[in-house]
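Read off the chains here:
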Amino acid sequence: MKDKILETMTEFPIIAAVREIKDVKEAVSSNTQVIFLLAGDIMNICDLVDFIKKNGKIAFIHFDLIEGLGKDTKAVEYIAERIKPHGIISTRNNILDHAKDFGLFSIQRLFMLDSQALKTGLSSAKQIRPDAVEILPGIMPSIIKEVANDVLMPVIAGGLVRTKEEVINAIKAGAIAVSTSEKSLWFIE
């Protein structure tokens, strides 16, 4: 399944980053094939993931942003066994480690704020070995290239990506996909 997810991301490299529940229907009706849920809570996340999957899309949930979940490994087990997304996104190493134990596609989200954050992020990604890393902001081609060459795993660019040109630049720099909440990009042909 992990290869299929990576193949899907590569074929249509724009990922819908859904920040508000009301936008899930629009994301599902768009051209994007992968949806990152950056909103939701323990009461609605299962229905949201089911809706996305029933519409033939790949569903990821951002573990750190789902309200009502504990921030521990038992919550990962609950997600894997009850909610059943294709994968999770997190900044937390222990969560990503545990997600792999349950066969969830794991994406480590790294914030590239300065040189130290870059160094720490690269080290962490090499230690954790997630299935992919998402770097934010995603509008820094030179950093995308450096991360892609250094970690030797798929890189997703996210954050502040608002134009088709920024998507193209991120892909040229080495990202396999770009996550964005800019709805107009979800419908690019």
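Residues numbered from 1 in each chain as written. Predicted model: local features only at pLDDT ≥ 70, side-chain atom pairs only at ≥ 80, totals over all residues. Heavy atoms only, no water.

- As annotated in an unreviewed UniProt entry, the protein chain is Glycerol-3-phosphate responsive antiterminator from Caldanaerobacter subterraneus.

Points about the nonpolar core
Here's step 1: Core analysis: the largest hydrophobic core is formed by 51 residues, its most contacted members being Leu37 and Val147.
Here's step 2: If we skip the residues at most four places from it in the chain, Leu37 touches Val18, Val24, Ile45, Leu48, Val49, Ile52, Phe60, Ile61 and His62.
Here's step 3: Core analysis: the second largest hydrophobic core is formed by 16 residues, Ile5, Met9, Leu38 and Ala132 among them. (Core = buried A, V, L, I, M, F, W, Y, C linked by side-chain atoms within 4.5 Å. Buried < 20%, exposed > 50% of the residue type's maximum accessible area, 1.4 Å probe, protein only. Contact = heavy atoms within 4.5 Å.)

Things to note about unusual backbone geometry
Here's step 1: Residue Pro137 follows Leu136 across a cis peptide bond; omega there is -5°.
Here's step 2: Counting through the fold element by element, Pro137 comes out in the loop between strand 6 (132–136) and helix 7 (141–151).
Here's step 3: Positive phi values are uncommon outside glycine, yet Lys84 reaches one of about 60°.
Here's step 4: By secondary structure assignment, the location of Lys84 is in the loop between helix 4 (73–83) and strand 4 (87–90).
Here's step 5: Looking at Lys84, the relative accessible area reads 46%, which means it is partly exposed. (Helix = DSSP H or I, 4+ residues; strand = E, 2+ residues; numbered from the N terminus.)

Digging into helix 5 (residues 93–101)
Here's step 1: Every buried residue of helix 5 is listed here: Ile95, Leu96, His98 and Ala99. Considered in projection along helix 5, the buried side chains sweep an arc of 165° and stay on one side of the axis.
Here's step 2: Along its buried surface, helix 5 packs onto helix 4, strand 4, strand 5 (105–111) and helix 6 (115–128).
Here's step 3: Following helix 5 by one or two positions, Gly103 adopts a phi angle in the positive range, close to 75°. (Arc of directions from axis to C-beta.)

Focus on the packing of aromatic side chains
Here's step 1: The tally for this structure, following the rule as stated, stands at two aromatic pairs.
Here's step 2: Geometrically, the ring pair formed by Phe36 and Phe60 is edge-to-face, given 5.3 Å between the ring centres and 65° between the ring planes. With Phe36 in strand 2 (residues 34–37) and Phe60 in strand 3 (residues 58–62), this pair connects stretches of sequence that are 24 residues apart.
Here's step 3: Looking at Phe36, the relative accessible area reads 0%, which means it is buried.
Here's step 4: A residue is classified by how much of its surface remains accessible, and Phe60, at 0% relative accessible area, is buried.
Here's step 5: Judged by centre distance (5.5 Å) and plane angle (90°), the ring pair of Phe60 and Phe105 falls under edge-to-face. With Phe60 in strand 3 and Phe105 in strand 5, this pair connects stretches of sequence that are 45 residues apart. (Phe/Tyr/Trp six-rings, centres within 6.5 Å; stacked < 30°, edge-to-face > 60°.)

Structural notes on the pairing of strand 3
Here's step 1: For strand 3, the buried fraction is high: five of the five residues fall into the buried class.
Here's step 2: Burial along strand 3 is two-sided: the residues Ile58, Phe60 and His62 and Ala59 and Ile61 are all buried.
Here's step 3: Sheet topology places strand 2 next to strand 3; four bridges connect them, and they run parallel. Pairing of Val34 across the sheet is with Ile58, part of strand 3.
Here's step 4: You can see the chain leave strand 2, run along helix 3 (residues 45–54) and come back into strand 3, and the turn it takes is right-handed.
Here's step 5: By the bridge criterion, three bridges tie strand 3 to strand 4 in an arrangement that is parallel. Bridge pairing in strand 4 links Ile61 to Ile88.
Here's step 6: On the question of chirality, the crossover connecting strand 3 to the parallel strand 4 by way of helix 4 is right-handed. (Pairing = 2+ DSSP bridges. Right-handed = clockwise from strand over helix to strand, strands pointing away.)

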